[in-house]
Amino acid sequence: NKRVLVVDGGASQRVAILGDELAKLAHDNNWAGALIHGCIPDSKVIGTTNIGVKALGTQPLKSNKKHGGEGGVIVAFSSVEFVPGQWLYSDE
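Note that the coordinates shown come from a computational prediction; the quantities given were computed from them, not determined experimentally.

**Student:** How should I be thinking about the sheet that holds strand β2 (residues 33–40) in this particular structure?
**Tutor:** Backbone-to-backbone hydrogen bonds pair the strands of a sheet. The strands run either parallel or antiparallel. Ordered in space as β1-β2-β3, the three strands form an open sheet in which the pairing is parallel. In the strand order of this sheet, the two ends are held by β1 (4–8) and β3 (52–58), each with one partner. If you compare each strand with its neighbour and ignore which way they point, the axes differ by 15° on average. Of the pairings in the sheet, the one linking β1 to β2 comprises five bridges and is parallel in character. Looking at the pairing, V4 lines up with G33 of β2.

As structure tokens, then:
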């Protein structure tokens, strides 16, 4: 059972939330993927990390990384609650 990072970026398209370095770190730590309610900077580069990543779109502008986020909490967006320990299924 691999882990999935779920990030509620408020559907913002102003900045990228998950970059290639964080995607590589997730891969190196044996995570299955990431679900981003926001943007990533470059889908082709992140696609080479061999983890599944779903995002609303791409945005080359990086975030200021001031908010580190929280772990082990319920994340909700698009009328769906993502509860730690539950399964997440996705396809291409």
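Now that the structure has been shown, the text picks up again.
**Student:** Is there a simple way to explain the pattern of salt bridges in this structure?
**Tutor:** A pair can form between side chains of opposite charge whenever their charged atoms are brought close. Tallying each qualifying case throughout the model produces one salt bridge. For K24, the salt bridge identified is with D28, shortest N-O distance 2.8 Å. Pair noted here: K24 and D28 are both in helix α1 (residues 20–28), with a separation of four residues, about one helical turn. Its relative accessible area of 47% is what places D28 among the partly exposed residues.

**Student:** Which parts of the structure should I look at to understand the packing of aromatic side chains?
**Tutor:** To describe a pair of aromatic rings, one takes the distance between the centres and the angle between the planes. Counted by the stated rule, this structure contains two aromatic pairs. An angle of 35° between the planes, with centres 5.0 Å apart, marks the rings of F77 and F82 as tilted. Taken as a pair, F77 and F82 share a single burial class, namely buried. Here W87 and Y89 contribute two aromatic rings whose centre-to-centre distance is 6.2 Å and whose plane-to-plane angle is 15°, an arrangement assigned as stacked. There is no split in this pair, since W87 and Y89 are both exposed.

Definitions and limits used
Residues numbered from 1 in each chain as written. Predicted model: local features only at pLDDT ≥ 70, side-chain atom pairs only at ≥ 80, totals over all residues. Heavy atoms only, no water. Pairing = 2+ DSSP bridges. Helix = DSSP H or I, 4+ residues; strand = E, 2+ residues; numbered from the N terminus. Axes fitted to C-alpha atoms, helices over the stretch in contact; angles between N-to-C directions. Salt bridge = Lys/Arg side-chain N within 4 Å of Asp/Glu carboxyl O. Buried < 20%, exposed > 50% of the residue type's maximum accessible area, 1.4 Å probe, protein only. Phe/Tyr/Trp six-rings, centres within 6.5 Å; stacked < 30°, edge-to-face > 60°.

Spatial relationships are all this shows, so hold off on functional conclusions.
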